[in-house]
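Residue-level structural notes
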Amino acid sequence: MWAALCLFVPRAYAQEAQEETLGGPDSHETGQGPHGHLFGEWGGERTRLLERGVKFDFQYISDSLWNIKSQQKERLASWNRFRGTVDIDFGALAGRQGLYFHATALWQGGGNLGTYLGLLTSPSGMSSANTCRLDSWWIEKRWRKQRISARVGQFAGQDFYGAQHYAASFIFEPMGYALGNLFTTLESFDPPSTPAMEVRVAPTPNLYVKSMVLAAVRSPFSQNPTGLVPQFNGTPVSVSEIGFTPGKKASSVRAFDTVDSRKGYSGLYQFGASYNPGKFTSPTSPTPRSGNYLLYWMASQALWRVNPKEAKGLDATLAYDWSPPDVNRNNTLLAAGLRFNEPLPVNFHNTMALGYVRNSLSPQFLPPGMPPWKTEHGVEFNVLLDIAPMLLLQPVIQYYANVGGGVQRAVVFGFRTKVEF
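**Observations regarding the pairing of strand E15 (residues 391-401)**
Note: strand E14 (residues 376-388) against E15, eight bridges, orientation antiparallel. Bridged to Glu380 within E15 is Gln398. Counting the residues between successive antiparallel strands, the hairpin from E14 to E15 contains two residues. Note: E15 against strand E16 (residues 409-420), eleven bridges, orientation antiparallel. Residue pairing in the sheet places Leu391 in a bridge with Val419 of E16.

As structure tokens, this is what we get:
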């Protein structure tokens, strides 16, 4: 890659700023203009490459969480992730207008507090399985001022469909990444991405339609441990979404918002569906049934702004999904949240966010003789502090009632740390 850069660098300069390509906890939640780096600008080389359409990024993220009150013994669970990313705009690099490349790899590991406590709502939007792998890569082509785009490669459905638009402002999973029961149709997630292709069209300035086909597997971490060799197995799952974007052009709206995109009274209203034609077991039938699906509705809206053209103010988000209760144990989920942008009178970016998640279990999966499941409720309050250009700190407290559908309660306290290298 460095040899190719040496050949292409003299040819052209960037014509427009590169957009955010990382989602969920990994997105760059910074309000200080171009974010700083712990290792500086490499003697100006980082800036020189960025002007020519090449963007390198290396970051560390950690969720350190304690169950300060629960039925289980108190413990500290720290989940850690190192991620490296490269984004290339071939329009700036080589004169190939509308052509882009993205690749990202990571190492992650640590303790999963949600599994330890038996929660349906994971306290961390990052925790899954220990791994070191190539997460995703894709080649994307855009036409007609980005109103039409096509993407092919290896990437996750949950990075783009059912993803929480305000994810970077929350920590627990259904608010901090994507709706927690999208796994019912085996929609792929980050980091064990699978081969996929997507088409996105914005027929009007405020409306888009997009659809994706991905390979769904039941054990995504084991079927391609390194992520280096695409595995074309499993069933082809289709995911589609239609979105309405008041206050913003549909061609510029992405799955996850940024600090800059919060300016003004912007909103995003989505309806989506995923379908898996494979075989699924049902507690009401001895034979597997063909097909499973999930429907979701999501809304994110700026409610109030101190200055109608700036970001300081209050935002709200609401999401709900449903899947057939005779096939899916965790078949409904409701998530709602409020976010206050720049509430503290300080000279660095900050937010305060309050989130709520309700997880319901289908009674058809209840073992005989067991008491009925209760609805699990989760509440989170966090403060995001971008205390330095390369350092973010996000303390959080979470409360859970009816843990795992039972009667236990839990209180979790901790913080997220993010360092840009």
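**Regarding a nonpolar patch on the surface**
A cluster of nonpolar side chains, namely Ile68, Tyr265, Leu303, Trp304, Val306, Leu338, Leu354, Val379, Phe381, Ile397, Tyr399 and Phe413, defines an oily patch on the protein surface of about 1,000 Å² accessible area. When contributions to the nonpolar patch are tallied by element, the ones reaching two or more residues are strand E10 (285-305), E14 and E15. Within the fold, Val379 resides in strand E14. Using a relative accessible area of 32% as the deciding quantity, one classes Val379 as partly exposed.

**Comments concerning unusual backbone geometry**
The linkage connecting Asp190 with the following residue, Pro191, adopts the cis geometry, with an omega of 15°. Here Pro191 shows up in the loop between helix H5 (173-176) and strand E6 (194-204). Phi at Glu342 is positive, roughly 55°, even though this residue is not glycine. Summarising the element assignment, Glu342 is placed in the loop between strand E12 (332-341) and strand E13 (350-360).

**Some thoughts on the packing of aromatic side chains**
In the structure shown here, the tally under the stated rule is 17 aromatic pairs. Look at Tyr60 and Phe82: their rings are 4.7 Å apart centre to centre, the planes differ by 40°, and that puts the pair in the tilted class. Highlighted residues: Tyr60 in strand E1 (residues 54-69) and Phe82 in strand E2 (residues 76-89), separated in sequence by 22 residues. The exposure class assigned to Phe82 is partly exposed, which follows from its relative accessible area of 31%. Above the plane of the ring of Tyr116 lies Arg75, whose end atom (NZ or CZ) is 4.5 Å from the centre. One cation-aromatic arrangement involves Arg151 over Trp138; the distance from NZ or CZ to the ring centre is 4.2 Å.

**Things to note about the environment of Ile88**
Tracing the sequence through the fold places Ile88 in strand E2. Ile88 gets classed as buried once you look at its relative accessible area, which sits at 7%. For the pair Ile88 and Ile139, spaced 51 residues apart in sequence, the C-alpha separation works out to 9.7 Å.

**Thoughts on the side chain of Thr245**
Within the secondary structure layout, Thr245 lies in the loop between strand E8 (235-244) and strand E9 (267-282). Of the polar contacts made by the side chain of Thr245, one reaches the backbone nitrogen of Ala250; its length is 3.4 Å. Setting aside residues up to four positions removed in sequence, Thr245 forms contacts with Pro205, Asn206, Leu207, Tyr208, Ala250, Val253, Gly267 and Leu268.

Calculation rules
Numbers given for residues are sequential positions, taken from 1 along each chain in its written order. Local features in this predicted model are restricted to residues of pLDDT 70 or higher, and side-chain atom pairs are both shown and tallied only at a pLDDT of 80 or more, whereas totals for entire chains, interfaces and linings draw on every residue. No hydrogens and no water enter the side-chain calculation; it runs on all heavy atoms of the structure. Should DSSP find at least two bridges between two strands, the strands are taken to pair. For the purposes of this entry, the term helix denotes a DSSP run of H or I that reaches at least four residues, the term strand denotes a run of E that reaches at least two, and both are numbered from the N terminus. Candidates for patches are residues over 30% relative accessible area with no salt bridge; among them, like charges are joined within 9 Å and nonpolar side chains (Val, Leu, Ile, Met, Phe, Trp, Tyr) within 5 Å. Throughout, the Shrake-Rupley method with a 1.4 Å probe supplies accessible areas, and for residues the shown protein chains are the sole cover considered. Think of a salt bridge as a Lys or Arg side-chain nitrogen and an Asp or Glu carboxyl oxygen that are within 4 Å of each other. In this scheme, a residue with accessible area under 20% of its type's maximum is buried, one over 50% is exposed, and one in between is partly exposed, where area comes from a 1.4 Å probe on protein chains only. Centres within 6.5 Å are what make two rings of Phe, Tyr or Trp a pair, Trp counting through its six-membered ring; a difference in plane orientation under 30 degrees is then read as stacked, over 60 as edge-to-face, and the rest as tilted. By definition, being over a ring means that NZ of Lys or CZ of Arg is both within 6 Å of the ring centre and within 35 degrees of the ring normal. Polar contact criterion, stated in full: a pair of N or O atoms within 3.5 Å, where within protein one must be able to donate a hydrogen and the other to accept it, and residues adjacent in sequence count only if both atoms are side-chain atoms. Pairs of residues are marked as contacts when any of their non-hydrogen atoms sit within 4.5 Å.

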